[in-house]
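# Observations on the three-dimensional arrangement
Each chain, letter by letter, is given below.
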There are 2 protein chains.
Amino acid sequence: MATGRNHRPATRSRGIPEATVARLPLYLRALTALSERSVPTVSSEELASAAGVNSAKLRKDFSYLGSYGTRGVGYDVEYLVYQISRELGLTQDWPVVIVGIGNLGAALANYGGFASRGFRVAALIDADPALSGRQVAGIEVRHVDELESIIDTNGVSIGVITTPGGAAQQVCDRLVAAGVTSILNFAPTVLSVPDGVDVRKVDLSIELQILAFHEQRKAAEALAQEVPEPLAAEAAPAGSGRDQGPDGDIPAVMPA
Amino acid sequence: MATGRNHRPATRSRGIPEATVARLPLYLRALTALSERSVPTVSSEELASAAGVNSAKLRKDFSYLGSYGTRGVGYDVEYLVYQISRELGLTQDWPVVIVGIGNLGAALANYGGFASRGFRVAALIDADPALSGRQVAGIEVRHVDELESIIDTNGVSIGVITTPGGAAQQVCDRLVAAGVTSILNFAPTVLSVPDGVDVRKVDLSIELQILAFHEQRKAAEALAQEVPEPLAAEAAPAGSGRDQGPDGDIPAVMPA
DNA sequence: CGCTGTGAAGCGATTCACAGCC
DNA sequence: GGCTGTGAATCGCTTCACAGCG
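Reading guide: rules and limits
- Position numbers for residues start from 1 in each chain and track the written sequence from start to end.
- Working convention: letters from A go to chains and numbers from 1 go to ligands, in the order in which they are written.
- Note on the predicted model: pLDDT of at least 70 is required for a residue's local features to be given, and 80 or more for side-chain atom pairs to be given and counted; whole-chain, interface and lining totals, by contrast, use all residues.
- Each side-chain value is worked out from all heavy atoms of the structure, with water and hydrogens disregarded.
- A helix here means a DSSP run of H or I that spans at least four residues, while a strand means a run of E at least two residues long, and both kinds are numbered starting from the N terminus.
- Categorising residues by exposure relies on relative accessible area from a 1.4 Å probe, with only protein chains included: less than 20% of the type maximum marks a residue as buried, more than 50% marks it as exposed, and the intermediate range marks it as partly exposed.
- Throughout, a contact is declared for two residues whenever any of their heavy atoms are within 4.5 Å.
- In short, Shrake-Rupley with a 1.4 Å probe defines the accessible areas, and a residue's cover is counted only from the protein chains shown.
- Two strands pair under a simple rule: DSSP has to find at least two bridges between them.
- In this analysis an axis means a line fitted to C-alpha atoms, helices contributing only their contacting stretch, and an angle means the value between N-to-C directions, from 0 to 180 degrees.
- UniProt positions are given in the numbering used here, feature names are shortened, and annotations may be inferred rather than shown by experiment.
- Proximity is defined per residue: any heavy atom of the residue falling within 4 Å of a molecule or strand makes that residue near it.
- Any pair of nitrogen or oxygen atoms within 3.5 Å is treated as a polar contact; in protein, a donor-acceptor pairing is required on top of that, and neighbouring residues in sequence qualify only through side-chain atoms on both sides.
- Residues are grouped as follows: Ala, Val, Leu, Ile, Met, Phe, Trp, Tyr, Cys and Pro are nonpolar; Asp, Glu, Lys and Arg are charged; all remaining types, including Gly, are polar.
- Geometric relationships in this document are graded by angle, where less than 35 degrees denotes roughly parallel, more than 145 denotes roughly antiparallel, 65 to 115 denotes roughly perpendicular, and other angles denote oblique.
- Working definition: rings of Phe, Tyr and Trp (its six-membered ring) pair if their centres are within 6.5 Å, and the pair is stacked with planes under 30 degrees apart, edge-to-face with planes over 60 apart, and tilted otherwise.

## A look at the overall build of chain A
- Looking only at helices and strands, chain A has 10 helices and 10 strands in total.
- Buried residues in chain A amount to 53% of all 256 residues.
- Within chain A, contacts between residues separated by at least 24 positions form 57% of all contacts whose residues are at least 6 apart in sequence.
- Of the roughly 11100 Å² that chain A leaves accessible, carbon and sulfur atoms contribute 54%.

What follows is the structure in C-alpha cells.
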C-alpha cells in the first residue's frame, strides 16, 4: 500500500480513503444535476440525500478534500463540481479501449456517461474479423491484432474487457504488455496482473446472487413471523432487518 | 437506514457478515470450475488464490457457514458447492424480469451466467411498442403495460432495471408496487424504495472514475519519483503503491 | 505434520456530537 | 441560528497466530 508506514501522520491531501474515493463519483453526479438546474449552493443534508448517503459521511468525505463549504450556508455547487472532478482526474480526458464487442461491449460503447465525464473511447477491439470495419456507436471496430499499436498511438492507459471469460486473461496480458495500467473487467474471471496495475471487476451474476441471498432471508423471516418457533427467536424481532438503507453495504466490485 | 438499533448483539448462525456474502459467489465460481475438472478436494490456500482473496479471509468466511472442511486435508469441492449454493438461495430458481431492452438489457438477456445459477429470465420488458413481440435471446419482449401481470403470474421478486436514468424511478415504483422486493439497478439514478426492498446499483461510469483516480495518482507518483522534491517524500519510497493486491478494496456497488 | 477453525489484535470506515465559524 | 468541519467513540472487517484435530 503506498502510503505505508507513513512518516507524516495523516496530514494533507494525499490521503483520501478508498471508501471516500468510491463515493466521489456519486457526489459528482448529484452535483452535476444540481448544476444543470442552476442551483447555486447545497447543504450537506440535501446533497447527501440526493446522492443516497448520510450527511455525516458526506461531510467527512469532503473534509478529506479540503474545506470547501461555508458554515451556516452549505457548499457552492460549481466549485465543488470542479474540485471533485479535479480530484478524480476528470479534468483531463482519458482514452480507453473496449475489447470484446458483443452486446455488453456495444452497450458500453453507446453509453453516454463516458464521454460526458472525461472518458473517450479511443477504439473498439474484437477478435472476430467479421466485425472489423463495422461501426458501433459511430466508432469503427478494429481487429485485436492492432491492439498494441492502437494503445501505443493513442496513449491509452485504461482498458475495458468485455470478452468471454476464456479470452480475458490473454487480452489482459496483452493490454498490460502494451502499457495499460488500469483495467475494468466484466468477464467472469479473476485476472492476474503485475504490481502497479489496477483491476476492478464488475460481475453481473454476482450482484444477482447477493440479491438472491437477501431475498431468501426475507422469505425465511416472513415464515418465521407466521410461525414463531423458538428457532425463529432471532429473525422475528429483527423486523426490517438490514434492508435498504441509503448507506453503504458491501459491494461486489473489487480490485484484482 | 432501515436497520435501526437492533436489539440482539450479534448472535448465532443467521449472522453472516455482508462482506462474506459478497464473496460467496466468488468462491462458488471457483469451486464450480474445480468441480468441472473433477477435483475432489481443495485447500483454503488453493481455493483462495483461485478466487482472488487471501486464505485467512476465506477460512473465516467459511467458518460462518459451518465447519465444512477437514483438518489436514481441505474442503470437499462438491459438498462446498452445495452448501454455498444453498446459503445463497441458488437451489431454488428465481424468476427475474429485465426492464429496458437496449444494448445492456440485451447483453444481460444473453448472459449465460444467469441461467446457470438459479436465475431464469421470466420476461423482457420495454416501453417501446416497436420492440414488443421481437425476440431477444430467444425471449419475447413484452410491453411495459404488462409489467404488473407478468410479475404477478410468474411470482417474480427480483427485477433488473436497464432503462435510461429518467425512467428508472418510475419503473422501480411499478416493480415494487407489483411485488418485487429486490432490484438490480443499472441506471445512473439513486432509487428510492420503501423499507424491505433491497436495491443494488451497478454503475459503469463510476467504476471508470475510480480507475481514473488511481491512474492519476500513479502518474503523480511517477513524476514525484523523477524529481524528488521534499513534497515527494511520501510517494517515492512507496514504490509499487497500493495497487493490485488480491484483497478487497472499496467497491462502488451498493444497496439503495 | 498439515490444514482448518477461531479467539484476539489491528485497522479502516462510519457515526456521533459538538466546537467553530458565518 | 444554521451548517460545516472534525475529534472521539464505535462498529465491522481483515489479519494474525495458534490451538485443535485428522
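On we go from here.
## Notes on the sheet that holds strand 1 (residues 41–42) of chain B
Residues and elements named next belong to chain B.
- One open sheet accounts for three strands, arranged 1-3-2; its pairing is antiparallel. Either end of the sheet is taken by a strand with one partner, and the two such strands are strand 1 and strand 2 (69–70).
- Two strands pair when backbone bridges link them, and strand 1 and strand 3 (residues 74–76) are joined in this way by two bridges, in the antiparallel orientation. Bridge assignment links Thr41 to a residue of strand 3, and that residue is Asp76.
- Strands strand 1 and strand 3 of the sheet are contacted by helix 4 (residues 77–88), whose axis makes an angle of about 70° with strand 3.

## What about the UniProt feature "DNA-binding region" (unreviewed entry) in chain A?
- Taking the numbering used here, the UniProt-annotated feature "DNA-binding region" (unreviewed entry) corresponds to residues 26–65 of chain A.
- Between the C-alpha atoms that bound residues 26–65 of chain A the distance is 15 Å, and the span itself is 75% helix and 5% strand.

## Topic: the protein's contact with DNA strand D
- Taken together, 24 residues form the shell around DNA strand D, and within it Ser44, Gly69 and Tyr75 of chain A together with Arg23 and Asn54 of chain B come nearest.
- The share of sugar and phosphate among atoms of DNA strand D within 4 Å of the protein is 65%.
- Between DNA strand D and Ser44 of chain A there is a distance of 2.6 Å, counted from a phosphate oxygen to a backbone nitrogen or oxygen.
- At 2.6 Å from a phosphate oxygen of DNA strand D is found a side-chain nitrogen or oxygen belonging to Asn54 of chain B.
- Elements that contribute at least two residues to the surface near DNA strand D include exactly helix 3 (55–65), strand 2 (69–70) and strand 3 (74–76) of chain A together with helix 1 (18–36) and helix 3 (55–65) of chain B.
- Of the residues that constitute the surface near DNA strand D, the class distribution is five nonpolar, 10 polar and nine charged.

## Thoughts on the packing of helix 2 (residues 44–51) of chain A against helix 3 of chain A
Residues and elements named next belong to chain A.
- Packing of helix 2 against helix 3 brings their axes to within 8 Å, and their N-to-C directions diverge by 105°. It follows from the interaxial angle that helix 2 and helix 3 lie roughly perpendicular. Residues Ser44, Glu45, Leu47 and Ala48 of helix 2 form the contact with helix 3, whose participating residues are Ser55, Leu58, Arg59 and Phe62.
- Considered class by class, the residues forming the contact of helix 2 with helix 3 number four nonpolar, two polar and two charged.

## Some remarks on the packing of helix 1 (residues 18–36) of chain A against helix 3 of chain A
Residues and elements named next belong to chain A.
- Relative orientation of the contacting elements helix 1 and helix 3 amounts to 105°, with a least axis distance of 10 Å. With respect to their mutual orientation, helix 1 and helix 3 come out roughly perpendicular. Packed against helix 1, whose contacting residues are Thr20, Arg23, Leu24 and Tyr27, the element helix 3 presents Lys57, Leu58, Asp61, Phe62, Tyr64 and Leu65 at the interface.
- Across the contact of helix 1 with helix 3, the residue classes break down as six nonpolar, one polar and three charged.

## What to know about the protein's contact with DNA strand C
- Near DNA strand C lie 24 residues; those nearest to it are Arg23 and Asn54 of chain A together with Ser44, Gly69 and Tyr75 of chain B.
- Side-chain polar atom of Arg71 of chain A to a base nitrogen of DNA strand C: 3.1 Å apart, as the coordinates give it.
- Put simply, the parts of the chain that give the surface near DNA strand C at least two residues each are helix 1 and helix 3 of chain A together with helix 3, strand 2 and strand 3 of chain B.
- Of the residues contributing to the surface near DNA strand C, the split by class is five nonpolar, 10 polar and nine charged.

## Regarding the UniProt feature "binding site: NAD(+)" (unreviewed entry) in chain A
All names here are of chain A.
- UniProt records the feature "binding site: NAD(+)" (unreviewed entry) at Gly100, Ile101, Gly102, Asn103, Leu104 and Gly105, using the numbering of this structure.
- Among the structural elements, Ile101 can be located in the loop between strand 4 (94–99) and helix 5 (103–110).
- A relative accessible area of 8% places Ile101 in the buried class.
- The contact partners of Ile101, leaving out residues within four places of it in the chain, are Ala106, Leu124, Ile125, Asp126, Leu131, Val136 and Val141.
- Judged by relative accessible area, which is 0%, Gly105 ranks as buried.
- Not counting the four nearest positions on each side in its chain, Gly105 is found in contact with Ile98, Gly100 and Thr162.

## Details of unusual backbone geometry
All names here are of chain A.
- With a phi angle near 60°, Ser38 is a residue other than glycine that sits in the positive phi range.
- Within the secondary structure, Ser38 sits in the loop between helix 1 and strand 1 (41–42).
- On the basis of relative accessibility, which here comes to 61%, the residue Ser38 falls in the exposed class.

## Some details on the environment of Gly69 of chain B
Residues and elements named next belong to chain B.
- Locating Gly69 in the fold gives a position in strand 2.
- Between the alpha carbons of Gly69 and Tyr79 there is a distance of 9.5 Å; along the sequence they are 10 residues apart.
- Once residues within four sequence positions are removed from consideration, Gly69 is found in contact with Gly74 and Tyr75.

## Some points on the side chain of Ser44 of chain A
Residues and elements named next belong to chain A.
- As for its position among the elements, Ser44 is in helix 2.
- Within the local environment of Ser44, its side chain forms a polar contact with the side chain of Arg59, the two groups lying 3.2 Å apart.
- Sequence-distant contacts of Ser44, that is, excluding residues within four places in its chain, are made with Ser55, Leu58, Arg59 and Tyr75.

## A short note on the packing of aromatic side chains
- Enumeration over the complete set of coordinates arrives at eight aromatic pairs over all chains.
- On the basis of an interplanar angle of 75° and a centroid distance of 5.4 Å, the ring pair of Tyr68 of chain A and Tyr79 of chain A is categorised as edge-to-face. You can see Tyr68 of chain A sitting in the loop between helix 3 and strand 2 and its partner Tyr79 of chain A sitting in helix 4 (residues 77–88), a full 11 residues away along the chain.
- Relative to Phe62 of chain B, the ring of Tyr27 of chain B has its centre 5.1 Å away and its plane inclined at 80°; by these criteria the two rings are edge-to-face. Highlighted residues: Tyr27 of chain B in helix 1 and Phe62 of chain B in helix 3, separated in sequence by 35 residues.
- Owing to a relative accessible area of 0%, Tyr27 of chain B belongs among the buried residues under this scheme.
- Here the aromatic residues Tyr27, Phe62 and Tyr75 of chain A are joined through ring pairs into a cluster of three or more.

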